[in-house]
Amino acid sequence: QVQLVESGGGLVQPGGSLRLSCAASGIIFSLYTMGWYRQAPGKQRELVARITSGVNTNYGDSVKGRFTISRDNAKNTVYLQMNSLKPEDTAVYYCNADRLVSTTPMRRADYWGQGTQVTVSS
């Protein structure tokens, strides 16, 4: 079975740093685009960062210059380094794995973790 398990969340002061990890199992990890998304209470889920199997990256506008996504294929793990944290970063952070399986018909493999809470507060 496929499983994505996030860890590393917690309470941090504004301006501090935190590193999230997502360990994947049940997939050929190197073939998947991995991503981090977050959702705060009363808000829509939003993209934080993504990294492709070719290590290209993209980031949500609100985190550019502060967060860095990386992956270690040997460990089947994707990371999110979060620096200069702000109270607005408070949310549940979710790990995502995505792969194009077929184009005829169009089909994707898409998996989600359970999430980890990040709280930025004094």
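Residues numbered from 1 in each chain as written. Predicted model: local features only at pLDDT ≥ 70, side-chain atom pairs only at ≥ 80, totals over all residues. Heavy atoms only, no water.

Caption draft 1: The arrangement of the overall build of the protein chain in detail. Of the regular secondary structure elements, the protein chain holds zero helices and 11 strands. If you list the helices and strands of the protein chain from N to C, you get β-β-β-β-β-β-β-β-β-β-β. On C-alpha atoms alone, the protein chain measures out to a radius of gyration of 14 Å, which is about the 14 Å that the 2.2 N^0.38 rule sets for 122 residues. The C-alpha extent of the protein chain, read off along each of the three principal axes, is 50 × 30 × 25 Å. (Helix = DSSP H or I, 4+ residues; strand = E, 2+ residues; numbered from the N terminus. Rg over C-alpha atoms; globule rule 2.2 N^0.38 Å.)

Caption draft 2: Fine view of the pairing of strand β3 (residues 18-25). In terms of strand pairing, strand β1 (residues 3-7) meets β3 through five bridges, oriented antiparallel. Paired with V5 across the two strands is A23, which belongs to β3. Judged from the six bridges that link them, β3 and strand β8 (residues 77-82) form a sheet pairing that is antiparallel. Looking at the pairing, R19 lines up with Q81 of β8. (Pairing = 2+ DSSP bridges.)

Caption draft 3: Structural detail: the state of the cysteines. Applying the stated criterion to the full structure yields one disulfide. Covalent S-S linkage joins C22 and C95, the inter-sulfur distance amounting to 2.0 Å. Across the S-S bond linking C22 and C95, the dihedral sits near -85°, which makes this disulfide left-handed. With a gap of 73 residues between them, C22 in strand β3 and C95 in strand β9 (residues 91-103) connect regions that are remote in the sequence. (Disulfide = S-S within 2.5 Å.)

Caption draft 4: Region of the structure containing the pattern of salt bridges. One pass over the structure, following the stated rule, counts five salt bridges. Put simply, K64 and D61 hold a salt bridge, and the shortest N to O gap is 3.2 Å. Both residues of the pair, K64 and D61, count as exposed. Across the pair R108 and D98 runs a salt bridge whose closest N-O atoms are separated by 2.7 Å. Taken together, the residues R108 in strand β10 (residues 106-112) and D98 in strand β9 connect sequence positions 10 residues apart. By relative accessible area, D98 is classed as buried at 15%. (Salt bridge = Lys/Arg side-chain N within 4 Å of Asp/Glu carboxyl O. Buried < 20%, exposed > 50% of the residue type's maximum accessible area, 1.4 Å probe, protein only.)

Caption draft 5: Structural detail: unusual backbone geometry. Here the residue pair T104 and P105 is connected by a cis peptide bond, since its omega of 5° sits within 30 degrees of zero. With respect to the helices and strands, the residue P105 is situated in the loop between β9 and β10. Residues other than glycine seldom take positive phi values, yet N76 does so here, at roughly 50°. Locating N76 in the fold gives a position in the loop between β7 (67-72) and β8. Here the phi dihedral of S84 falls at roughly 50°; this positive angle occurs in a residue that is not glycine. Structurally, S84 is set in the loop between β8 and β9. On the accessibility criterion, S84 (42% relative accessible area) is partly exposed.

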